[in-house]
Amino acid sequence: RSSHLSFVMTSMPALLAYCISTLTCRKLVGADSRVYVESPADKCEDTDASKIVRAVAAVSLVYIGLIVSCVGVYHLRTLLRHNRLHAPEVLEVYGFMYQLYHSGALYWNIVKIVKQAALVLIGQVLWKAPFAQALASITVLLAVGAAHTRVLPFITPSHNSIEAVGLAASVLTVFLG
């Protein structure tokens, strides 16, 4: 029952990047017209096919943003309020999002998804300014790292250590890049 929601939640950054890329055309150096960055050989033309792809991308963005985020958060809050988060049927559907976190950090998967979405949006919006893109990315990663060291969301210390090392490696990679 959770396969659809699990797929959408874990692949949200990639889905956001693909949806946003269909809505934006850019004038690249060496291209004679506006093209898609992912496929510079393809011109951004207003054909029927491109209009359909843009419409599907816009609907997908609304679906990802509103349905998954708002409805999912509302439903999880309702379950939390009624103390049903650890019921077997609820764990089967939503457990992948919070079963590793201590009770005060059940929201941490949302923090991780917002971090990933912010990094995707930074890459899409600041594509012309690599230095600004790096600074914004490092700022997001450091903010999440600071929040992580303060909250320590995972139940086991090893998971907290792995997450902290992963964030530090991400900051170092962006910094060196």
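For the structure, see preceding data.
Note that this is a predicted model, so its numbers are computed, not measured. (Residues numbered from 1 in each chain as written. Predicted model: local features only at pLDDT ≥ 70, side-chain atom pairs only at ≥ 80, totals over all residues. Heavy atoms only, no water.)

1. Focus on the packing of aromatic side chains
Following the criterion strictly, the structure yields 1 aromatic pair and no others. Both rings, one in Tyr101 and one in Phe154, keep their centres 5.0 Å apart while their planes meet at 40°; by these two values the pair is tilted. Here the residue Tyr101 occupies a position in the loop between helix H4 (88-98) and helix H5 (108-125), and Phe154 occupies one in the loop between helix H6 (130-151) and helix H7 (157-176), the gap between them amounting to 53 residues. A single burial state applies to Tyr101 and to Phe154, both of which are buried. (Phe/Tyr/Trp six-rings, centres within 6.5 Å; stacked < 30°, edge-to-face > 60°. Helix = DSSP H or I, 4+ residues; strand = E, 2+ residues; numbered from the N terminus. Buried < 20%, exposed > 50% of the residue type's maximum accessible area, 1.4 Å probe, protein only.)

2. Thoughts on helix H2 (residues 12-23)
Along its 12 residues, H2 runs 17 Å from first to last C-alpha, staying within 8% of the 16 Å computed at 1.5 Å per residue. Along H2, the residues classified as buried are Met12, Pro13, Leu16, Cys19, Ile20, Ser21 and Thr22. (Expected span 1.5 Å × (residues − 1).)

3. Focus: unusual backbone geometry
Despite not being glycine, Asn83 has its phi angle at roughly 55°, a positive value. In this structure, Asn83 sits in the loop between helix H3 (48-81) and H4. Residue Asn83 is classed as exposed on the basis of its relative accessible area, which comes to 70%. Located in the positive-phi region is Leu152, a residue other than glycine, with phi close to 45°. Relative to the helices and strands, Leu152 resides in the loop between H6 and H7.

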